[in-house]
Amino acid sequence: MTKTIFQKIIDREVPSKILFEDDKCIVIEDIAPKAPIHLLVIPKKPIKKLSEVKPGDKNLLGHLMIVISEITKELNIEDAFNIIINNGKEAGQTVFHLHIHILAGKNFSGFFPG
Ligand code: AMP
């Protein structure tokens, strides 16, 4: 099975700006930022997309949310950021290894419902 670009980054086969890492996930800078701050939170477990998560992934998914909460505080963007998960090709997913986008420094209020 060919590795995704994110698996290659996790395995240190492709360089990336890694802001945070623990045993369950990494947080990297997006190579083509869509906002002044654009990070990707990537679980080390190679889940293809959100719709493939299982009940056993509950702790992992919660952990990713805690990491988002902590890293946005560290970056002083805790009061103004958006998170996005593109699920499936038709929804714009291009890398089939689950990841959560963190976007900040740009107002997306006209873009998303809210
Ligand atoms: P998605 O469209 O939700 O699958 O998001 C994939 C994201 O990965 C895009 O925002 C890309 O810019 C980003 N990306 C692709 N290759 C790399 C890379 N080598 N390093 C960092 N981000 C990447």
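Residues numbered from 1 in each chain as written. Predicted model: local features only at pLDDT ≥ 70, side-chain atom pairs only at ≥ 80, totals over all residues. Heavy atoms only, no water.

Please set out the pairing of strand β1 (residues 18-21) residue by residue, giving values where relevant.
Relative to strand β2 (residues 25-29), β1 is paired through 3 bridges, and the arrangement is antiparallel. Paired with Phe20 across the strands is Val27, a residue of β2. Counting the residues between successive antiparallel strands, the hairpin from β1 to β2 contains 3 residues. (Pairing = 2+ DSSP bridges. Helix = DSSP H or I, 4+ residues; strand = E, 2+ residues; numbered from the N terminus.)

If you had to explain the nonpolar core to someone new, which residues and values would you point to?
The tendency in soluble globular proteins is for nonpolar side chains to be buried as a group. If you look at the biggest cluster of nonpolar residues, it comprises 15 residues, and the most contacted ones within it are Val27, Val41, Leu64, Ile68, Ile100 and Ile102. Elements with a minimum of two residues in this core: β2, β3 (37-43), α2 (58-74) and β5 (100-104). If one sorts the elements of this core by residue count, α2 sits on top with 5 residues. Each residue touching Ile100, except ones within four places of it in the same chain, is listed here: Leu39, Leu40, Val41, Leu64, Met65, Ile68, Ile83, Ile84 and Ile85. (Core = buried A, V, L, I, M, F, W, Y, C linked by side-chain atoms within 4.5 Å. Buried < 20%, exposed > 50% of the residue type's maximum accessible area, 1.4 Å probe, protein only. Contact = heavy atoms within 4.5 Å.)

Tell me about the sheet that holds β5, residues and numbers included.
With antiparallel pairing, 5 strands are arranged side by side in an open sheet as β1-β2-β3-β5-β4. Looking at which strands have only one partner, the edges of the open sheet turn out to be β1 and β4 (81-84). Looking at each pair of strands side by side, their axes are set apart by 20 degrees on average, direction ignored. (Axes fitted to C-alpha atoms, helices over the stretch in contact; angles between N-to-C directions.)

Would you mind going over unusual backbone geometry in detail, with residue names and values included?
A positive phi angle, close to 60 degrees, is found at Arg12, a residue other than glycine. As for its position among the elements, Arg12 is in the loop between α1 (5-10) and β1. Although it is not a glycine, Asn76 adopts a positive phi angle of roughly 60 degrees. Considering the arrangement of structural elements, one finds Asn76 in the loop between α2 and β4. Taking the relative accessible area as the measure of exposure, Asn76 reaches 66% and is therefore exposed.

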